[in-house]
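The chain contents come next:
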Amino acid sequence: MSLLKSEHAVNALIRLINQHPGEITLVPIGPLTNIALACRLDPNISSKLKDVVIMGGNFEAKGNVSVSAEFNFHFGCRSCSYCIKPAYLSSFHGNMGILP
């Protein structure tokens, strides 16, 4: 049994979300790079998610990799800004939570 998969994570996200529209709650616990790529490749994907709960950001501007930066947002700042920008959220109909 191989731990290597032939399908890239981004393609798997797109495939699974399209196969199960409205059923998937996405809970990314790391930088949002693959999520942002999936959204760029399939701009309608956000409308097919049930909910999104993102682990990232900070509370009271206290970071864990610098004075004010949290790891997931710090190392994936462009992907985070893409995933939470108004154009992406406009087609998202579920609940979104950001947990620091």
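Residues numbered from 1 in each chain as written. Predicted model: local features only at pLDDT ≥ 70, side-chain atom pairs only at ≥ 80, totals over all residues. Heavy atoms only, no water.

The name that an unreviewed UniProt entry assigns to the chain is Inosine/uridine-preferring nucleoside hydrolase domain-containing protein, with the source organism given as Desmophyllum pertusum. UniProt, in its Sequence similarities (unreviewed entry) section for the chain, records the words "Belongs to the IUNH family." (UniProt positions renumbered as here; feature names shortened; annotations may be inferred.)

## Let's talk about the overall build of the chain
Helix and strand counts for the chain stand at five helices and three strands. For the C-alpha atoms alone, the extent of the chain along its principal axes is close to 40 × 40 × 20 Å. A total of 100 residues make up the chain; the buried ones form 32% of that total. Residue pairs in contact within the chain that sit at least 24 positions apart in sequence constitute 66% of those at least 6 positions apart. Entry remark: accessible area of the chain is about 6500 Å², with carbon and sulfur atoms responsible for 60%. Separation of charge centres in the chain, based on 8 positive and 6 negative side chains, amounts to 6 Å. (Helix = DSSP H or I, 4+ residues; strand = E, 2+ residues; numbered from the N terminus. Buried < 20%, exposed > 50% of the residue type's maximum accessible area, 1.4 Å probe, protein only. Contact = heavy atoms within 4.5 Å. Areas by Shrake-Rupley, 256 points an atom, 1.4 Å probe, with all protein chains shown as cover. Lys, Arg positive; Asp, Glu negative; His and termini not counted. Charge placed at Lys NZ, Arg CZ, Asp CG, Glu CD.)

## Describing the sheet that holds strand E2 (residues 51-55)
Spatial ordering of the open sheet is given by E1-E2-E3, a layout of three strands whose pairing is parallel. Of all strands in the sheet, those bounded by a partner on one side alone are strand E1 (25-26) and strand E3 (95-99). The sheet contact formed by E1 and E2 spans two bridges and is parallel. By the bridge assignment for E2, leucine 26 is matched with valine 52. (Pairing = 2+ DSSP bridges.)

## Points about the nonpolar core
With 16 residues, the main nonpolar core has Leu13, Leu26, Leu32, Ile35, Ala38 and Ile45 as its most contacted residues. For this core, the elements supplying multiple residues, two or more each, are helix H1 (9-19), helix H2 (33-41), E2 and helix H4 (77-83). Contact partners of isoleucine 35, with chain neighbours within four places excluded, come to Leu13, Leu26, Pro28 and Cys83. (Core = buried A, V, L, I, M, F, W, Y, C linked by side-chain atoms within 4.5 Å.)

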